[in-house]
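Spelled out from the first residue to the last, the chains are:
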Amino acid sequence: MSGGEINLQAKTDQTPVKSREVIFLSIVIPAYNEARRIASTLQKIMDYARSQKWLTELIVVDDGSQDGTADLARSQLADWPWSKVISLKKNRGKGAAVKEGILEARGELILFTDADLSTPIEELEKFWPLATRQYDLIIGSRALPTSEIRKRQSFLRETMGKFFNRLVRWLILPDFKDTQCGFKLFKKEAAREIFARIKTTGFAFDVEVLLLARQLGYKVAEVPVIWINSPNSRVKLLGSSVKMLFELLNLSIRKNRNKLTD
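All chains use their own residue numbering, which begins from 1 and follows the written sequence. Two thresholds apply to this predicted model, a pLDDT of at least 70 for residue-level local features and 80 or more for giving and counting side-chain atom pairs, whereas whole-chain, interface and lining totals are computed over all residues. Side-chain measures here rest on the full set of heavy atoms in the structure, leaving out hydrogens and waters.

Participant: Explain the packing of aromatic side chains here, please?
Facilitator: Think of it this way: a Phe, Tyr or Trp ring, Trp meaning its six-membered ring, pairs with another when their centres are within 6.5 Å, and the plane angle makes it stacked under 30 degrees, edge-to-face over 60, tilted otherwise. Across all of its chains, the model carries seven aromatic pairs by this definition. Summarising the aromatic geometry, the rings of F186 and F195 are spaced 5.5 Å apart at their centres and angled 75° between planes, so their arrangement reads as edge-to-face. A simple rule labels every residue: compare its accessible area, found with a 1.4 Å probe on the protein chains alone, to the largest value its type can have, and call it buried under 20%, exposed over 50%, or partly exposed in between. Residue F195 is classed as buried on the basis of its relative accessible area of 0%. Ring pairing ties together the aromatic residues F24, W54 and W128, which thus form one cluster. By definition, being over a ring means that NZ of Lys or CZ of Arg is both within 6 Å of the ring centre and within 35 degrees of the ring normal. The cationic tip of R142 hangs over the ring face of W227; the distance from NZ or CZ to the ring centre is 5.0 Å. One residue, K219, lies across the ring of Y135, its end atom 4.5 Å from the ring centre.

Printed below as a string of structure tokens:
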């Protein structure tokens, strides 16, 4: 079910959208209690978008924050014509937040990126050559030979991450080096078909995304990226890890029962 090629030459200046104009790129940013960095993150993304000549839509999904994240995002995006801040009434999980944003996105291509920009937005440049070919989903990876980890996680977090990755490859997806990097680009058709089916609401949703992509016949590329650990990770070392483990086991059961694409 692979989609067609994307024409990167079909560009226009960043001027107010007219009804006949098409959003080329949507960027979805899930955010939970990100008041300290959401403004700077959005500024970096807007600076990058202004350097391009296509229309870029920015969507922040506030996942029930209690620190004013949504208001700060609205203020920062006040002068960006193609923006939206979605406020979830309660914290539902990263997977739920990304799903809300993706299904609202209008772009021909849709990127979701973490609010801490652990993968710099400029790494998107590596994705364009693949986006113009028959790839429906392009994922950033921290685990390929040419990936560049500029600031590592703590030994314990890194060890637990590697353990989770081994479980993913053993139980569900043997052919991906890194499912969890928060930097993934979709063609619109693939994004909507995959996220309409997503049921995983927590941090393990990336695994379901890739599993569904495979089962629906979409073509996926894994690309090495720069990655810089953020010291204020929203992944709780114990609580989030336990939940991710249960989500992974649930996905394994659903896969074995052929219940993923129902």
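Participant: How do you make sense of unusual backbone geometry when you look at a structure like this?
Facilitator: Trans peptide bonds make up most of the peptide bonds, and negative phi angles are found at most residues other than glycine. Phi is positive for N33, which is not a glycine, with a value near 50°. Unlike most non-glycine residues, L117 shows phi in positive territory, near 50°. Its place among the elements puts L117 in the loop between β4 (109–113) and α4 (128–131). A helix here means a DSSP run of H or I that spans at least four residues, while a strand means a run of E at least two residues long, and both kinds are numbered starting from the N terminus.

Participant: Honestly, the environment of P231 in this entry has me stumped. Any pointers?
Facilitator: With respect to the helices and strands, P231 occurs in the loop between β9 (226–228) and α8 (239–256). Separated by 115 residues in sequence, P231 and D116 have C-alpha atoms that sit 9.5 Å apart.

Participant: Would you take a moment to explain the pattern of salt bridges for this structure?
Facilitator: The salt bridge criterion pairs a side-chain nitrogen of Lys or Arg with a carboxyl oxygen of Asp or Glu, the two atoms within 4 Å. Under the definition given, this model contains 14 salt bridges. The residue D47 makes a salt bridge to R50 at a minimum N-O spacing of 3.5 Å. Of the two residues, D47 and R50 both sit in helix α1 (residues 38–50), three residues apart, roughly one turn of that helix. Classification of R50 by relative accessible area gives partly exposed; the value is 46%. The partner of R106 in a salt bridge is E57, and the shortest N-O contact between them spans 2.9 Å. Taken together, the positions of R106 in the loop between α3 (94–104) and β4 and E57 in strand β2 (residues 56–63) put the pair 49 residues apart, joining distant regions of the chain. Using a relative accessible area of 44% as the deciding quantity, one classes R106 as partly exposed. Judged by relative accessible area, which is 3%, E57 ranks as buried.

Participant: Sorry, what's going on with the environment of L137 here?
Facilitator: Structurally, L137 can be placed in strand β5 (residues 137–141). Residues L137 and L109, spaced 28 residues apart in sequence, show a C-alpha to C-alpha distance of 9.5 Å. The contact rule is simple, with two residues in contact once any of their heavy atoms fall within 4.5 Å. When near neighbours in sequence (up to four residues on either side) are disregarded, L137 contacts K184, L185, F186, V209, L210, A213, K219, V220 and A221.

Participant: So what exactly am I meant to see when it comes to a nonpolar patch on the surface here?
Facilitator: On the surface, V242, L245, F246 and L249 cluster together into a nonpolar patch covering about 350 Å² of accessible area. The residue L245 is located in helix α8 in this model. Residues enter patches when their relative accessible area tops 30% and they take part in no salt bridge; the joining distance is 9 Å for like charges and 5 Å for the nonpolar side chains Val, Leu, Ile, Met, Phe, Trp and Tyr. Each accessible area is a Shrake-Rupley result for a 1.4 Å probe, and residues are judged covered by the shown protein chains and nothing else.

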